[in-house]
Amino acid sequence: MKEKKIILTGDRPTGCLHIGHYVGSLRRRVELQDNPEYARRFVFIADAQALTDNIENPEKVRQNVIEVALDYLGAGLDPEKNTIFIQSQIPELTELTFYYMDMVTVARLQRNPTVKTEIQMRNFESSIPVGFFTYPISQAADITAFKATTVPVGEDQEPMLEQTREIVRRFNYIYGDTLVEPNILLPDSEASRRLPGTDGKAKMSKSLGNCIYLSDTEEDVNKKVKGMYTDPTHLKVSDPGKLEGNTVFTYLDAFCKPEHFERYWKDYTNLDELKAHYTRGGLGDVKVKKFLTAILQEVLTPIRERRKMYEKDIPSVYEMLKKGSESARETAAQTLDEVRRAMKINYFDDMDLIREQAKKYAQK
Ligand code: TRP
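Below or above, wherever it landed, is the structure these notes cover. Each chain carries its own residue numbering, running from 1 in the written order of its sequence. With the structure being a predicted model, the display of local features is reserved for residues of pLDDT at least 70 and the display and counting of side-chain atom pairs for 80 or more, all residues being used for whole-chain, interface and lining totals. Side-chain figures throughout are based on the complete set of non-hydrogen atoms in the structure, without hydrogens or water.

Another point: the environment of Glu 125. Relative to the helices and strands, Glu 125 is located in the loop between α6 (113–121) and α7 (130–133). Measuring from C-alpha to C-alpha, the distance between Glu 125 and Arg 306 comes to 42 Å, with 181 residues separating the pair along the chain. Helix numbers and strand numbers start at the N terminus; a helix is a DSSP run of H or I with at least 4 residues, a strand a run of E with at least 2.

Moving on, we come to helix α14 (residues 271–280). Every buried residue belonging to α14 is among Leu 271, Leu 274, Lys 275, His 277 and Tyr 278, and all of these are buried. Angularly, the buried residues of α14 cover 160° about the axis, an arc narrow enough to put them on a single face. Of the residues in α14, the exposed ones pointing more than 90 degrees away from the buried face are Asp 272 and Arg 280. Put simply, Asn 270 is the residue that caps the front of α14, since its side-chain oxygen is 3.0 Å from the backbone nitrogen of Asp 272. Two residues or fewer after α14 comes Gly 281, characterised by a positive phi angle close to 105°. Any residue under 20% of the maximum accessible area for its type is buried, any over 50% is exposed, and the rest in between are partly exposed; the area is computed with a 1.4 Å probe on protein chains only. In this context, the arc is that of the directions from the helix axis out to the C-beta atoms. Polar contact is the term for a pair of N or O atoms within 3.5 Å; when the atoms are in protein, one must be able to donate a hydrogen and the other to accept it, and sequence-neighboring residues count only if both atoms are side-chain atoms.

Any residue with a heavy atom lying within 4 Å of a molecule or strand is counted as near it. Surveying the vicinity of the ligand reveals 14 residues, the closest of which are Phe 44, Gln 49, Gln 139, Asp 142 and Gln 157. A distance of 3.1 Å separates a nitrogen atom of the ligand from a polar atom in the side chain of Gln 139. Within the side chain of Gln 157, an N or O atom sits 3.0 Å from a nitrogen atom of the ligand. When the ligand sits alone it has 360 Å² of accessible area, and the protein chains cover 91% of it. For the shell around the ligand, the leading source of residues is strand β1 (residues 5–11), giving 4 residues. Its residues assigned to classes, the shell around the ligand comprises 6 nonpolar, 5 polar and 3 charged. Residue exposure ignores everything except the shown protein chains as possible cover, and the areas themselves are Shrake-Rupley values with a 1.4 Å probe. The nonpolar class holds Ala, Val, Leu, Ile, Met, Phe, Trp, Tyr, Cys and Pro. Asp, Glu, Lys and Arg form the charged class, and all remaining residues, Gly among them, are polar.

Bringing the pattern of salt bridges into the picture now. Where charged atoms from two side chains of opposite charge come close, those side chains can pair. When a carboxyl oxygen of Asp or Glu is within 4 Å of a side-chain nitrogen of Lys or Arg, the pair counts as a salt bridge. Inspection of the entire model under this criterion finds 25 salt bridges. A salt bridge links Asp 11 to Arg 29, with the nearest nitrogen and oxygen atoms 3.0 Å apart. Of this pair, Asp 11 sits in strand β1 while Arg 29 sits in helix α1 (residues 19–32), and the two are 18 residues apart along the sequence. The exposure classification of Asp 11 matches that of Arg 29, with both residues buried. What you see here is one network of salt bridges that share partners, running through Glu 67, Asp 71, Arg 307 and Glu 311.

Now the structure itself:
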């Protein structure tokens, strides 16, 4: 029988989750939760990683832990099928990170393009916190502690996965087969891999105010789509419109299915037809935005409603996280045992070692 796969993924709790998170990874996690190829699914809130660049904002991180948990539950992650936990509650991860640090050079970390960009964005150039600089190593610990085979994340996480695989190979080469090499699982479409903000800027980000959140109200969503960036040269309805860089069409690429035309816009049968009309001219942005709004509301309404239900019983959400953290910790502790044995730092449960040493000194 084929060995079953293990999923692991997580998010930093620095804000509520938005539709970029949804198409980038969350939607996939929900789809995979009934797939029998997977033995276990771990989903976690990366609070310790969030602290690496928020050390002065512990309250922000703490507040957002519950927001992210509610977003998970709202999106449809079932705690019976996923072990949902909080990173900082698994001390084994810190210990693993400490050992992995010996296997990575400073030069290698400096080459990580995602960390490079983040350093620039945060103006850290001359004062990078060591913990932030080394978070790719801690991310390798997150992944390997659970022997994850499959990590559903966005494109920006590719360098972390690469680094993790390098650590795994190095570890297994030195200490013998212990760790598992993970694979990234990217979203199918280009649009879902890199959903831009509503202003057409590269990425959704809280500080740019260009996000549509899973917890946004119906009115918020209507307003945000109305104000979305399209094609600035498409002034009159009769003008031909451009699709490239047109955020409304990028969102349609990420969300639209043929059945949406059946339900909301019978003039077309699929997205290609709609695009053809738009490029030809004679189709106004307002109509396309109305269609996108209908689709987004269809996706977001059940999420919003489910979230509201969980908001009514916050203590049980914490209880779920606690149970998940306990269960995750058992798995991580088991891996750590194997790592310690492989690294020969399991002194007290190694009877051969003690006997061998005793013999050596008896002969003196
Ligand atoms: N770096 C991820 C983010 O920015 C969060 C994260 C931490 C993660 N550890 C992980 C994702 C392990 C996948 C696997 O949101």
